[in-house]
Amino acid sequence: MQAISSEEFQARRKRAVEQAEERGLAGLVVFSRGGTTVDFYGDVMYLSNFHSTFPALPDAPSWSARGHAALVLPTEGEPVLVTDYLDGSKSHIEVDDVRETLQVPGGVGKVLAEFGLAGQPLGLVGAQCLALPWFQQMEAGAGRELDFTFADEILERMRSVKSSAELSNMREAAAVGVEWMRRTLSCVEEGRRVGEAVGEGLRYLASQGGMMADVAVAGGTDHNPLFGSTSVPHWDSQHVLQEGELLHVDQWGPVNNYFTDFGRSLVVGGNPTDAQKEVLEASVLLVEHLLDGIRPGVAFDAIHRRGQDWLSDNGFATATLGLFGHSLGLNQESPWIVAGEEAEFEADMVIAVEAFVERPGVGASNFEQNVIVRDGSPEVLTAACPSRWW
């Protein structure tokens, strides 16, 4: 992993502040959720190199917003990190003023009052991590009503284009992801349980500094969900694999903070029927078709339409998941390849491009690649993992 320099963190905060000023804001309040969820930690991590490792817990009389952290970023003055938990040294945190409190929202409100920000217009980043009672507690800590504008787009745009150090880390994460997938699929054999295959992959992932966000494994012919179980875990650990079963596997999670996220499909035993092979090939060909259209300046919506047109032209239903991929970095990020997304691809974006294709009575296939957007053809980070396992 290539460490992000202190200078890069400072430059990120400077750009965020400049964009806040352009919107007439006195600063930003950035919330994130940490703990074991590894889904919404990215914004605070991006600006401070920190996330709370404590589990996200229901509130209790003695605490509020456990497993969460917030960064107060004034346009004038130094940033303040507010967190519920510090584990060990603070030397890795790229913010000097770090405050630990079991009442995170109230602590943020007190910082806003202390810095004279409570009565001024502020941008809120990470609102999906801020429950309504916590907003009320933040106002109580500030001693007055707060004037917030949603400002997620500031960090979304900044995070979507990666620095050279981030690209290095994304390549490393993808390399680990490739071997993670290989270890998982190597255990997909007749008579073995899905849980054995998932466990073999996770054993390797953990040894390489990785952490699972989730693993989606499912198969069959009549019902083709992305996940194999609606319980916990999300895969059917006791399902015994059968010869000839069409199976799709999608794995994602951070490796030293940066995400790997891609999918492959196969038939148990490696000998698909003609109908199964059509579905397997379709997901691969569709992703390759999408990649042929991705260039800087092309809108995400245009690639979504490109995918829908391919499905229609080849006799398949519209996109089962409603999307053909998303930006990738510290999380599964915006923009998403969905209908109506006007954002355009830019050089050095990292994108997970995916296609979930199904045929009733046959089954479903999922295929996904991680790529870096280039002026020419994208750089495929997951190319070392074979596209075809049949």
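Let me begin by describing the structure that accompanies this report.

Procedures and definitions
- Residues numbered from 1 in each chain as written.
- Predicted model: local features only at pLDDT ≥ 70, side-chain atom pairs only at ≥ 80, totals over all residues.
- Heavy atoms only, no water.
- Pairing = 2+ DSSP bridges.
- Helix = DSSP H or I, 4+ residues; strand = E, 2+ residues; numbered from the N terminus.
- Axes fitted to C-alpha atoms, helices over the stretch in contact; angles between N-to-C directions.
- Contact = heavy atoms within 4.5 Å.
- Buried < 20%, exposed > 50% of the residue type's maximum accessible area, 1.4 Å probe, protein only.
- Lys, Arg positive; Asp, Glu negative; His and termini not counted.
- Salt bridge = Lys/Arg side-chain N within 4 Å of Asp/Glu carboxyl O.
- Polar contact = N/O pair within 3.5 Å; in protein donor to acceptor, adjacent residues only side chain to side chain.
- Phe/Tyr/Trp six-rings, centres within 6.5 Å; stacked < 30°, edge-to-face > 60°.
- Lys NZ or Arg CZ within 6 Å of the ring centre and 35° of its normal.
- Core = buried A, V, L, I, M, F, W, Y, C linked by side-chain atoms within 4.5 Å.

## Structural notes on the sheet that holds strand β7 (residues 214-219)
Pairing within the open sheet is antiparallel, and its three strands lie in the order β7-β8-β9. Of all strands in the sheet, those with a lone pairing partner are β7 and β9 (258-267), marking the two edges. The sheet shows a mean angle of 5 degrees between the axes of neighbouring strands, taken without regard to direction. Inspection of the sheet shows strand β8 (residues 246-255) paired to β9 by 10 bridges, in the antiparallel sense. Bridging across to β9, W252 finds its partner in D261. Sheet contacts for helix α8 (residues 274-293): β8 and β9; angle to β9, the most-contacted strand, approximately 160 degrees.

## Focus: the side chain of D214
Examined against the element boundaries, D214 turns out to sit in strand β7. Despite its burial, D214 pairs with no opposite charge, the nearest such side chain being R33 at 12 Å. Separated by 2.4 Å, the side chains of D214 and H234 make a polar contact. When neighbours within four sequence positions are excluded, D214 is seen to be in contact with W180, F227, H234, W235, D250, Q251 and W252.

## Side note on the packing of aromatic side chains
According to the stated counting rule, one finds five aromatic pairs in the structure shown. Where W310 meets F316, the ring centres are 6.3 Å apart and the plane angle is 10 degrees; that geometry is what we call stacked. The ring of F54 has R66 lying over it, and the distance from NZ or CZ to the ring centre is 3.8 Å.

## Let's talk about the nonpolar core
Counting residues in each nonpolar core, the largest one holds 44 residues, and the members touching the most others are L28, V30, L81 and L155. Among all residues touching L81, those that are not within four sequence positions of it are V44, S48, F50, A70, L71, I93, V95, D97, V98 and R99.

## Regarding the environment of D301
Note that D301 resides in helix α9 (residues 300-313). Counting along the chain gives 38 residues from D301 to A339, while the straight-line C-alpha distance between them is 5.1 Å. In this view, D301 contacts V338, A339, G340 and E341; residues no more than four positions away in its chain are not counted.

## What to know about the sheet that holds strand β10 (residues 325-328)
The five strands are arranged β11-β10-β12-β13-β14 in an open sheet whose pairing can be described as antiparallel. Each of the sheet's edge strands pairs with one partner strand only, and the pair in question is β11 (332-336) and β14 (379-380). Where β10 lies against strand β12 (residues 350-359), three bridges are found, and the strand directions are antiparallel. Its bridge partner lying in β12, S327 is registered against I351. Contacts from α8 reach β12, β13 (363-372) and β14, with the element oriented near 150 degrees to β12.

## Considerations on the pairing of β10
Bridging between β10 and β11 involves three bridges; their strand directions are antiparallel. Bridge pairing links S327 to E333 in β11. Linking β10 to β11, which pair antiparallel, is a turn of three residues.

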